[in-house]
Amino acid sequence: MTAFRTLDDAGSLKGKRVLLRVDLNVPMEGSRVTDATRIERVVPTIREIADQGGKVVLLAHFGRPKGKREPKDSLAPVVPALSEALGRPVAFAEDCVGEAAKAAVAALKDGEVLLLENTRYHAGEEKNDPAFTDALAENGDIYVNEAFSAAHRAHASTEGLAHRLPAYAGRLMQAELDALTKGLEAPARPVIAIVGGAKVSSKIDLLQNLVAKVDMLVIGGGMANTFLHAQGKAVGKSLCEKDLAETATRILKAADEARCRVILPDDAVVASEFKANAAHETVPVDAVPESGMILDAGPSSVKTIEAAIDEAATLVWNGPLGAFELTPFDAATVAAARHAAERTKAGKLVSVAGGGDTVAALNHAGAGESFSYVSTAGGAFLEWLEGKELPGVEALRAKG
């Protein structure tokens, strides 16, 4: 991954104050962390810097305090879970700039770890304010960005600092960028994209970008109904954005011009109500009853998707193929995910997936761990799929 500066380019870290931007925006119940996944994923980079004698100064946001000191958005309750995951003490400073931060950083010995308070307690963070960025930079000798999930934001701690200090990608950021390069920027072909979810309206940019970049595009979930409607098929009571029929037609035309094969369901699992284990039947997509609601792709559609995956060398996946949170309408998502996982394990497929529902769906299928890479970045992953430049990533590009 030569396009970005990484820790390998940073030289000796001994005695250096390393400002490490991490994502600690973890779910909490009271003062207890209920899911430590994001903490666990940054542990290797923290350890690597500390073990080299670097002074690790962690920068992070929590919640949306919008420049106000909201006690519920303090990072202090995260410290015990972070310390436990690291297996070493973590100091805490009650501010990320000013005297409190300065004193806490000055007290650090080589190899020690300090977490500074929520960067979003200051309005200058989200405004990428130069004076606030300078105040953050005073406490570091180098800057390392480990928060791909916040890389689509041009904030002081995600983008501004990269222009004030020598800047590098952390190991998690590096893995994410490696995976994304293999997924779309320089992929092994043929490339298949699976895009699902409820609404076309939230993924127009994504679909328009993908048809120009991939060889096959599977459209599933509620958004497939809008495309079926655009083709003149009746979709009953199914979720369908009928006002976007023209947009769907335009995307299909662009795909045709780009020689991208679009795969829509040819059969559907239909129920009369949206609930788990509702009475259901499988019908061809041109025979959906008026009172019917499409809740999943049918077995014929799944076979077509699996055959397309077999043709591909690279898979990019965002969004479920049906109402996966309701049994038995998870069947298509589970089958396709497991099939992709098997192809990946056999060394025949590079599989990259991301987005909130996608992670949950793949984990539900027991397939997530077998994918080449599963991004937990949400918005940043989607903006990358849309072909947008991510400010926090661009700032790490090697110059020259």
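Everything quoted here is computed from the prediction, not taken from an experiment. (Residues numbered from 1 in each chain as written. Predicted model: local features only at pLDDT ≥ 70, side-chain atom pairs only at ≥ 80, totals over all residues. Heavy atoms only, no water.)

Scanning the chain from terminus to terminus reveals 14 helices and 17 strands. The C-alpha atoms of the chain give 23 Å as radius of gyration, which agrees with the globular expectation for 400 residues (21 Å, within 12%). Seen along its three principal axes, the alpha-carbon backbone of the chain occupies a region of about 70 × 45 × 40 Å. Residues classed as buried in the chain amount to 56% of the 400 residues present. Within the chain, contacts between residues separated by at least 24 positions form 74% of all contacts whose residues are at least 6 apart in sequence. Element-wise, carbon and sulfur atoms account for 50% of the exposed surface of the chain, whose accessible area totals about 16500 Å². Counting 44 positive and 54 negative side-chain charges, the chain places the averaged centre of each group 2 Å from the other. (Helix = DSSP H or I, 4+ residues; strand = E, 2+ residues; numbered from the N terminus. Rg over C-alpha atoms; globule rule 2.2 N^0.38 Å. Buried < 20%, exposed > 50% of the residue type's maximum accessible area, 1.4 Å probe, protein only. Contact = heavy atoms within 4.5 Å. Areas by Shrake-Rupley, 256 points an atom, 1.4 Å probe, with all protein chains shown as cover. Lys, Arg positive; Asp, Glu negative; His and termini not counted. Charge placed at Lys NZ, Arg CZ, Asp CG, Glu CD.)

Owing to its 3.6 residues per turn, the α-helix aligns residues three or four sequence positions apart on the same side. Most of helix H7 (residues 204–211) is tucked away, with six of its eight residues classed as buried. What H7 keeps buried is the set Ile-204, Leu-206, Leu-207, Asn-209, Leu-210 and Val-211.

It is worth spelling out the UniProt feature "binding site: substrate" (unreviewed entry) in the chain at this point. Those places that UniProt annotates as "binding site: substrate" (unreviewed entry) correspond, in this numbering, to Asp-23, Leu-24, Asn-25, Arg-38, His-61, Phe-62, Gly-63, Arg-64, Arg-120 and Arg-153. Since its relative accessible area comes to 25%, Asn-25 is described here as partly exposed. Those residues in contact with Asn-25, other than ones at most four positions away along the chain, are Arg-38, His-61, Phe-62 and Gly-63. Along the chain, Arg-38 falls in helix H1 (residues 37–51). Of the residues examined, Arg-38 reaches a relative accessible area of 26% and is grouped as partly exposed. There is a polar contact of 3.2 Å between the side chain of Arg-38 and the side chain of Asp-23. (UniProt positions renumbered as here; feature names shortened; annotations may be inferred. Polar contact = N/O pair within 3.5 Å; in protein donor to acceptor, adjacent residues only side chain to side chain.)

Take the pairing of strand E12 (residues 267–271) next. Of all five residues in E12, five are buried, a share of seventy percent or more. Burial along E12 is two-sided: the residues Asp-267, Val-269 and Ala-271 and Ala-268 and Val-270 are all buried. Pairing geometry for E12 and strand E13 (residues 280–284), over five bridges, is antiparallel. Following the sheet pairing, Ala-271 is matched in E13 by His-280. (Pairing = 2+ DSSP bridges.)

As a further point, take the UniProt feature "binding site: (2R)-3-phosphoglycerate" (unreviewed entry) in the chain. UniProt tags Arg-38, Arg-120 and Arg-153 as "binding site: (2R)-3-phosphoglycerate" (unreviewed entry). Here Arg-153 is to be found in the loop between strand E7 (142–145) and strand E8 (167–169).

Here we take up the sheet that holds strand E4 (residues 55–59). Spatially, six strands are ordered E5-E6-E4-E1-E7-E8 in an open sheet, and the strand pairing comes out parallel. Two strands bound the open sheet, and with one partner strand each, they are strand E5 (91–93) and E8. Looking at each pair of strands side by side, their axes are set apart by 25 degrees on average, direction ignored. For E5 and strand E6 (residues 113–116), the ladder comprises three bridges, and the chain directions are parallel. The partner of Ala-93 across the bridge, within E6, is Leu-116. (Axes fitted to C-alpha atoms, helices over the stretch in contact; angles between N-to-C directions.)

A few words on the domain arrangement of the chain. By a widespread convention, an interface's size corresponds to the accessible area lost as its parts come together. Parsing the chain into structural domains produces domain 1 (7–173) and domain 2 (187–386). Computed over C-alpha atoms only, the centres of domain 1 and domain 2 are separated by 37 Å. At the junction of the two partners, domain 1 supplies six residues and domain 2 supplies nine residues. Between domain 1 and domain 2 lies a buried interface of about 630 Å² when both sides are counted; carbon and sulfur atoms form 52% of it. When residues of domain 1 are sorted by the area they lose upon contact with domain 2, Arg-41, Phe-148 and His-152 head the list and together hold 70% of the total. In this assembly, domain 1 and domain 2 are joined by three residue pairs in polar contact (both at pLDDT 80 or more). (Domains from an automatic or database assignment. Buried area = accessible area lost by both parts, 1.4 Å probe.)

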